[in-house]
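# Survey of secondary and tertiary structure
Each chain is listed here by its residues.
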Amino acid sequence: MMSAMPDKQALRESNDVFGKPIQCVSWFDRHLAGFSHDNKKGLDRLQLIKKLEKGSKLVLVPEPDNPFDRNAILLYTADDLENDIGYLDATGAKQICGLIERGATFSAQVFYVWYERPNVPFVRILIHQLTPALQNHRPVRKGAPVYKQAPPFPLQNERTEMQPKGEPVGVE
């Protein structure tokens with residue numbers, strides 16, 4: 001009998017931002033985006049980011065109704081679930097959102113906050129996938145477009161409407 005998940009989904013040991021061992025399926029190194037805009041409560045995200053420290057626990061919250069990106073993932077600190085600090089970068093969000101929709105669970109921590117210029121932070125996030133995805137395919141979302149299956153291509157020896165009928169001209 002074939003197993004539901006490939007062997008690469010087996011738990012392995014990784015480290016959190018402090019070097020402590022953690023059992024996980026996989027891990028991701030991503031960054032924070034959208035911090036230059038006010039959050040949903042109208043607060044300045046830059047002020048919230050200034051409170052972050054290495055190892056701050058983060059909560060990932062998918063936002064499938066986001067008008068700009070259906071894979072958007074909001075980030076909150078574990079000790080303040082009312083004020084989001086920004087979004088996961090789009091590339092990481094697409095991958096992780098798909099895994100969340102398939103049943104995987106995650107933990108996230110701030111790896112570091114670095115300021116290249118004043119008020120321009122670079123927040124690196126370490127994300128551990130704690131459980132494997134339960135399904136092989138992402139579920140169809142409500143309101144997703146329905147794509148028609150393309151008709152099969154004609155075989156080489158089948159005559160199509162584009163091929164002329166009758167004998168070829170000029171062949172002896």
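Everything below is about the structure printed above this text.
The text that follows walks through the structure, step by step, so that each part is easy to find. (Residues numbered from 1 in each chain as written. Predicted model: local features only at pLDDT ≥ 70, side-chain atom pairs only at ≥ 80, totals over all residues. Heavy atoms only, no water.)

## Topic: a nonpolar patch on the surface
Selection criterion: Only residues above 30% relative accessible area that lack a salt bridge enter a patch, with like-charged residues linked at up to 9 Å and the nonpolar side chains Val, Leu, Ile, Met, Phe, Trp and Tyr linked at up to 5 Å. Method for areas: the Shrake-Rupley scheme with a 1.4 Å probe, in which residue coverage is limited to the protein chains shown. The salt bridge criterion pairs a side-chain nitrogen of Lys or Arg with a carboxyl oxygen of Asp or Glu, the two atoms within 4 Å. Only DSSP runs of H or I covering at least 4 residues are called helices, and only runs of E covering at least 2 are called strands; the numbering of each starts at the N terminus. Note on exposure labels: buried denotes an accessible area under 20% of the residue type's maximum, exposed denotes more than 50%, and partly exposed covers the range between, all computed with a 1.4 Å probe on protein chains only.
There is a patch of nonpolar side chains on the surface, built from Phe 111, Tyr 112 and Trp 114 and spanning about 300 Å² of accessible area. Looking at where Phe 111 falls in the secondary structure, it is placed in strand β7 (residues 105-117). Judged by relative accessible area, Phe 111 falls into the partly exposed class, the value being 32%.

## Observations regarding the pattern of salt bridges
Tallied over the full model, the rule gives 5 salt bridges. With its nearest N and O atoms 2.3 Å apart, the salt bridge here joins Lys 40 to Glu 63. Taken together, the residues Lys 40 in the loop between β3 (26-33) and α1 (45-49) and Glu 63 in the loop between β4 (57-62) and β5 (73-77) connect sequence positions 23 residues apart. Note that Glu 82 and Lys 41 form a salt bridge whose closest N and O atoms lie 3.4 Å from each other. Within this pair, whereas Glu 82 is found in strand β6 (residues 80-88), its partner Lys 41 is found in the loop between β3 and α1, the two being separated by 41 residues in sequence. Of the residues examined, Glu 82 reaches a relative accessible area of 55% and is grouped as exposed. Overall, the relative accessible area of 52% leaves Lys 41 in the exposed class.

## Topic: unusual backbone geometry
With a phi close to 60 degrees, Asn 119 is a non-glycine residue in the positive phi region. Tracing the backbone through its elements, the reader meets Asn 119 in the loop between β7 and β8 (120-131).

## Some thoughts on the nonpolar core
Filter applied, for reference: In this text, buried Ala, Val, Leu, Ile, Met, Phe, Trp, Tyr and Cys residues form a nonpolar core when linked through side-chain atoms within 4.5 Å. Here, two residues are considered to be in contact whenever any of their heavy atoms come within 4.5 Å of each other.
By size, the foremost hydrophobic cluster in this structure holds 25 residues, and its most contacted members are Ile 125 and Ile 127. Elements represented by at least two residues in this core include exactly β3, α1, β4, β5, β6, α2 (90-101), β7 and β8. At 4 residues, α2 tops the list of elements feeding residues into this core. Leave out the neighbours within four places in its chain, and Ile 125 touches Phe 28, Asp 29, Arg 30, His 31, Leu 32, Leu 58, Leu 75, Leu 88, Ala 108, Gln 109 and Phe 111.

## A word on the sheet that holds β6
For clarity, the cut-off: In this scheme, strands are said to pair when DSSP sees at least two bridges between them. Convention adopted: a line fitted to C-alpha atoms gives each axis, helices being fitted over their contacting stretch, and angles between N-to-C directions are expressed from 0 to 180 degrees.
Spatially, 6 strands are ordered β3-β6-β5-β4-β7-β8 in a closed barrel, and the strand pairing comes out antiparallel. The mean angle between the axes of side-by-side strands here comes to 45 degrees, regardless of whether they run parallel or antiparallel. Of the strand pairs in this sheet, β3 and β8 are connected by 6 bridges, and their pairing is antiparallel. Bridge pairing links His 31 to Arg 124 in β8. The strands that α2 touches are β3, β4, β5, β6, β7 and β8; relative to β3, the one it contacts most, it runs at about 130 degrees.

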